[in-house]
Amino acid sequence: MGRRSRKQSLTEPGAGEQQKVRLSSAERDDIARAELQPLGASERPLAVKIASLLAAALAVSNLGLAIAGQTVQGQRPSLLWVLVFGALMLIASWGIWNLRYWALLGFQAILAILIVWMSQLVLVSANLRVAAVCVIVIALASWLFWKLIRVLGRVKMPSPNGRARGR
């Protein structure tokens, strides 16, 4: 068996023969950063649209469920906490839509917590339907988390006037 290398390599023509040059991870990172283009003022990638709408939907649905009298483990949630959560999600939705770095990063933190919590729920669930729903939520949240990573990189890039976006 041949030895496999995880390092990416580029070939450069040498003196009559091809010579392989291995790139370090820092060099590969620099190449990836150089290929990134900053987001335009009106550019909204699909992941940003989905995340913003999801945050707004969480705020509205949580408030609607509280007004409708929905209970959690037999008790009604405090109206104060419902309003605080709704306000935070609406602020997050606004921040995500306006490409604020803090909002995107905060929403990714919420997605990460959701993924970990659903993974734990899958492991302890005895109900196949609950486990299937958890796996679907994990897959969708993971996809959105992954797509927002590239958006974060593009938001943090300097704009033409020299200032970094997302402040």
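See the structure above.
Residues numbered from 1 in each chain as written. Predicted model: local features only at pLDDT ≥ 70, side-chain atom pairs only at ≥ 80, totals over all residues. Heavy atoms only, no water.

K.L.:
It is not clear to me how the side chain of Arg 154 should be interpreted in this structure. Could you clarify?
P.N.:
Following the sequence through the fold, Arg 154 ends up in helix α5 (residues 128-155). On the basis of relative accessibility, which here comes to 18%, the residue Arg 154 falls in the buried class. If near-sequence neighbours (up to four positions away) are discounted, Arg 154 is found in contact with Leu 36, Gln 37, Pro 38, Leu 39 and Glu 43. (Helix = DSSP H or I, 4+ residues; strand = E, 2+ residues; numbered from the N terminus. Buried < 20%, exposed > 50% of the residue type's maximum accessible area, 1.4 Å probe, protein only. Contact = heavy atoms within 4.5 Å.)

K.L.:
Can you walk me through unusual backbone geometry in this structure?
P.N.:
For residues that are not glycine, phi is negative in most cases, and the peptide bond is trans in most cases. Notably, Gln 73 is not glycine yet its phi reads approximately 55 degrees, a positive angle. Along the chain, Gln 73 turns up in the loop between α2 (46-67) and α3 (79-97). Although it is not a glycine, Leu 99 adopts a positive phi angle of roughly 55 degrees. Checked against the element boundaries, Leu 99 lands in the loop between α3 and α4 (101-124).

K.L.:
Please clarify how α5 should be interpreted in this entry.
P.N.:
An α-helical segment advances 3.6 residues per turn. Residues three or four places apart therefore align on the same side. For α5, spanning 28 residues, the distance from its first C-alpha to its last is 40 Å, which sits close to the expected 40 Å at 1.5 Å a residue. When we look at burial in α5, the residues that qualify are Ala 131, Cys 134, Ile 138, Ala 141, Leu 144, Leu 148, Val 151, Leu 152, Arg 154 and Val 155. Lining the buried residues of α5 we find α2 and α4. Backbone nitrogen of Arg 129 and a side-chain oxygen of the N-cap are separated by 2.9 Å at the start of α5; the cap is Asn 127. (Expected span 1.5 Å × (residues − 1). Polar contact = N/O pair within 3.5 Å; in protein donor to acceptor, adjacent residues only side chain to side chain.)

K.L.:
How do you make sense of the nonpolar core when you look at a structure like this?
P.N.:
Most often, soluble globular proteins keep nonpolar side chains buried together rather than apart. Counting 23 residues, the largest nonpolar core has Ile 96, Leu 104, Phe 107, Leu 144 and Leu 148 as the members making the most contacts within it. For this core, the secondary-structure elements that each account for two or more residues are α2, α3, α4 and α5. Ranked by residues supplied to this core, first place goes to α5 with eight residues. Setting aside chain neighbours within four positions, we find Leu 144 in contact with Ala 47, Ile 50, Ala 51, Leu 54, Phe 107 and Leu 111. (Core = buried A, V, L, I, M, F, W, Y, C linked by side-chain atoms within 4.5 Å.)

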